[in-house]
Amino acid sequence: MGGAQAAILNALVSTPRLLRMVELDAMPMAGDRYTLPQLLGDLRRGIWSEAASGRPVDAWRRRLQRSYIDAMAAKAGVAGMATSTPLPGFTITTLNPAADLRAIARAELRDLERELGAAIPRAT
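Residues numbered from 1 in each chain as written. Predicted model: local features only at pLDDT ≥ 70, side-chain atom pairs only at ≥ 80, totals over all residues. Heavy atoms only, no water.

Q: Whenever I open this one, the overall build of the chain confuses me. Can you help?
A: Along the backbone of the chain there are 6 helices and 0 strands. Long-range pairs, those at least 24 residues apart, make up 63% of the contacts in the chain between residues at least 6 apart in sequence. Element-wise, carbon and sulfur atoms account for 60% of the exposed surface of the chain, whose accessible area totals about 7,800 Å². (Helix = DSSP H or I, 4+ residues; strand = E, 2+ residues; numbered from the N terminus. Contact = heavy atoms within 4.5 Å. Areas by Shrake-Rupley, 256 points an atom, 1.4 Å probe, with all protein chains shown as cover.)

Q: Is there a simple way to think about the nonpolar core in this case?
A: The tendency in soluble globular proteins is for nonpolar side chains to be buried as a group. Within the largest apolar cluster, 19 residues are counted, with the highest numbers of intra-cluster contacts made by V13, L18, L36, L43, I47 and Y68. Within the residue set of this core, elements represented by two or more residues are α2 (15-26), α3 (36-47), α5 (59-76) and α6 (97-119). Residue contributions to this core peak at 5 residues, all from α3. If we ignore the near neighbours within four places in the chain, the residues touching V13 are L18, L40, L43, A71, M72 and K75. (Core = buried A, V, L, I, M, F, W, Y, C linked by side-chain atoms within 4.5 Å. Buried < 20%, exposed > 50% of the residue type's maximum accessible area, 1.4 Å probe, protein only.)

Q: Teacher, can you tell me more about the layout of surface pockets here?
A: To find leftover empty space, one rolls a probe the size of a water molecule over the atoms. The computed volume of the largest pocket comes to approximately 250 Å³. Taken together, 14 residues form the lining of the largest pocket, with E50, A51, V57, L116 and A123 sitting closest to its centre. Per-class residue counts for the lining of the largest pocket are 8 nonpolar, 3 polar and 3 charged. (1 Å grid on protein atoms, 1.4 Å probe; cavity = no way out; pocket = protein on both sides within 12 Å on 5 of 7 lines; lining within 4 Å. Points joined across faces, edges and corners; volume = space filled by probe spheres on them. Nonpolar A, V, L, I, M, F, W, Y, C, P; charged D, E, K, R; others polar.)

Q: Looking at this structure, how should I read the pattern of salt bridges?
A: Two side chains of opposite charge can pair, provided their charged atoms sit close to one another. Under the counting rule described, the total for this entry stands at 7 salt bridges. For the salt bridge of E115 with R44, the shortest nitrogen-to-oxygen distance reads 2.5 Å. Of this pair, E115 sits in helix α6 while R44 is found in helix α3, placing the two residues 71 residues apart along the sequence. Using a relative accessible area of 7% as the deciding quantity, one classes R44 as buried. One salt bridge connects R61 with E50, and the closest N-O pair in it is separated by 2.8 Å. Of this pair, R61 sits in helix α5 while E50 sits in helix α4 (residues 49-53), and the two are 11 residues apart along the sequence. Pair check on accessibility: R61 and E50 agree, each one buried. (Salt bridge = Lys/Arg side-chain N within 4 Å of Asp/Glu carboxyl O.)

Q: Could you clarify how one ought to interpret α2 in this entry?
A: Since the α-helix packs 3.6 residues into each turn, any two residues three or four apart lie on the same face. In a regular helix each residue adds 1.5 Å, so 12 residues correspond to 16 Å; α2 covers 17 Å between its end C-alpha atoms and thus fits that length. Against the buried residues of α2 lie α1 (2-12), α3, α5 and α6. (Expected span 1.5 Å × (residues − 1).)

Q: Sorry if this is basic, but what is going on with the confidence of the model for the chain here?
A: A low pLDDT means the predicted coordinates there should not be read in detail. Taken over all residues, the pLDDT of the chain has a mean of 82, while the share at 70 or more is 84%. The secondary-structure element of the chain with the lowest mean pLDDT is α2, recorded at 86, while α3 shows the highest, at 92. Note on residues 79-87: pLDDT under 50 across the span, and 12 contacts to partners over four residues away in sequence or across chains. (pLDDT = per-residue confidence, 0-100.)

Q: Would you mind going over α1 with me for this structure?
A: Turning to α1, its buried residues are G2, Q5, A6 and L9. Along the long axis of α1, the arc covered by the buried residues comes to 95 degrees, so they all point the same way. Where α1 is buried, its residues contact α3 and α5. (Arc of directions from axis to C-beta.)

Q: What am I meant to see in the packing of α1 against α5 here?
A: The relative placement of two packed helices comes down to the angle between their axes together with the axis-to-axis distance. Where α1 contacts α5, the two axes come as close as 9 Å, and the packing angle between them is 35 degrees. Crossing of α1 against α5: the hand is right-handed. Two secondary-structure elements touch here, α1 through G2, G3, Q5, A6, L9 and N10 and α5 through W60, R63, L64, S67, Y68 and A71. Counted by class, the contact of α1 with α5 contains 6 nonpolar, 5 polar and 1 charged residues. (Axes fitted to C-alpha atoms, helices over the stretch in contact; angles between N-to-C directions. Left-handed = near helix turned anticlockwise from the far one by under 90°.)

In structure tokens, the structure reads:
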């Protein structure tokens, strides 16, 4: 069961998928889109719902929660992507999705830490 949970979570937060989401969010497009911060926030609220409700956490949920922390910690350390060198006299603004992904993953871990810290007094 825990392996299946981790596999699904890892598929949802695979680096190629998240990098595509970062790139898509940088493109000028009309209409709504599901952004990476929205995805990670939805996952955090679902996986850590006991923190908000004060319900006890069973062993399977704890394993899923550990998998989430491991996945976000790995994303926070994603190696940078190569950027091109501009030609003399030209300025090129480069998109670095890996840097954005690292920053978003770190922010997600900080948000989780803050939420769990606030939930400690309610924990059983």
